[in-house]
Amino acid sequence: MSRIYAVTGSASGIGKATKELLESRGHRVVGIDRADAEIEVDLAEAEQRAGLAERVAAATGGSLDAVISVAGVSGFDPQGAEINFFGARDTVEALRPLLLASSAPRAVIVSSISVVMPNLPELTELLLQGDRAAVSDLTQKLVADGKAGYIYSSSKRAIAEWVRSAAITDDWAGAGIPLNSVAPGTFVTPMTAPYLATEEGRAAMKRGVPMPLAGPGEPEVAAKLLVWLAGEENTHITGQSIFIDGGAEASLRGPQVFAGASFDRV
């Protein structure tokens, strides 16, 4: 049966592959991106995010079965906190009321393998608290100090933690809406292309994100997982951070993750 989806980051990479896969299966997809999309919006701007639900409702006649939030920016972008955390969180929260009319509502957010890498706990906590002013001050300081890489890992960690806590609340599980995140390893996208273009870059990425199974993946691989999680078949998976990473998470954290008290917050 045809469904209606909203996909952010639809103009390139995993978002584009997800939109194309859904459309190839006969679904209606509202693409959302800064440019080259049905709805053009800068998710780094809170004012533009505020009007997103109305624009999606107008495009779909008020109906929506699933939202897939893919939009994100790379490791050293100072807008990472706004887009990777607030953009993703605000998008699914704003569109949640539209999902309530669906017989099989779903929501999925793309996080990253970086959720298991070093982050800045102070920034992660400020993001979860929603303190935008403090987040802005801290991210500016990190950029000035040459530590902008923490913005990416902390924002991705925060969105994965938010999904885990929000998914089991009345707004989501209580309303029958599975909410999950997907944590990709290295995929061939515009974000990673500059690194994968050189032998030195590929070696560095392999050291940072070891993927013993198959190596870097094509966007279509991640799209298939996102589409399944956002589809009618997913009735009981919620609150999860699902790694699609060729074994990177297992390589980085090892088997001790199952040793009782060694579980962390992700």
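Before reading further, recall that the structure is shown in the block above.
Since the model is a prediction, treat every value here as computed from it, not as a measurement. (Residues numbered from 1 in each chain as written. Predicted model: local features only at pLDDT ≥ 70, side-chain atom pairs only at ≥ 80, totals over all residues. Heavy atoms only, no water.)

(A) Focus on the pairing of strand E2 (residues 28–33). Across the 6 residues of E2, 5 count as buried, placing the element largely inside the fold. The pairing of strand E1 (residues 4–8) with E2 spans 5 bridges and is parallel. Residue pairing across strands places threonine 8 opposite isoleucine 32, the latter belonging to E2. At this point the chain moves from E1, through helix H1 (residues 13–24), to the parallel E2, and the crossover so formed is right-handed. Sheet analysis places E2 next to strand E3 (residues 39–40), joined by 2 bridges and oriented parallel. Bridge pairing in E3 links isoleucine 32 to isoleucine 39. (Buried < 20%, exposed > 50% of the residue type's maximum accessible area, 1.4 Å probe, protein only. Helix = DSSP H or I, 4+ residues; strand = E, 2+ residues; numbered from the N terminus. Pairing = 2+ DSSP bridges. Right-handed = clockwise from strand over helix to strand, strands pointing away.)

(B) Focus on the pattern of salt bridges. Counting across every chain of the model gives 13 salt bridges. Where arginine 89 meets glutamate 93, a salt bridge forms, and the shortest distance between an N and an O atom there is 4.0 Å. One end of the pair is arginine 89 and the other is glutamate 93, both in helix H4 (residues 80–99) and 4 residues apart, which spans about a single turn. Looking at arginine 89, the relative accessible area reads 14%, which means it is buried. Since its relative accessible area comes to 39%, glutamate 93 is described here as partly exposed. A salt bridge links arginine 157 to glutamate 161, with the shortest nitrogen-to-oxygen separation between them at 2.9 Å. With a gap of 4 residues between them, arginine 157 and glutamate 161 both fall in helix H7 (residues 149–166), about one helical turn apart. The same class applies to arginine 157 as to glutamate 161, namely buried. In this structure, a network of salt bridges that share partners links the residues Arg49, Glu82, Arg89, Asp90, Glu93 and Arg132. (Salt bridge = Lys/Arg side-chain N within 4 Å of Asp/Glu carboxyl O.)

(C) Broad picture of the packing of aromatic side chains. If you walk through the whole model with that rule in mind, you get 1 aromatic pair. Consider the rings of phenylalanine 85 and phenylalanine 86, whose centres lie 5.1 Å apart with planes at 75°: the pair is edge-to-face. Between the NZ or CZ atom of arginine 132 and the centre of the ring of phenylalanine 86, over which it lies, the distance is 4.1 Å. (Phe/Tyr/Trp six-rings, centres within 6.5 Å; stacked < 30°, edge-to-face > 60°. Lys NZ or Arg CZ within 6 Å of the ring centre and 35° of its normal.)

(D) Structural view of the environment of alanine 107. Structurally, alanine 107 can be placed in strand E5 (residues 106–110). In the structure, alanine 107 is positioned 15 residues away from glutamate 122 in sequence and 27 Å away in space, judged by C-alpha atoms. Ignoring any residue separated from it by four or fewer positions in sequence, one finds alanine 107 in contact with Val67, Trp172, Ile177, Pro178, Leu179 and Asn180. (Contact = heavy atoms within 4.5 Å.)

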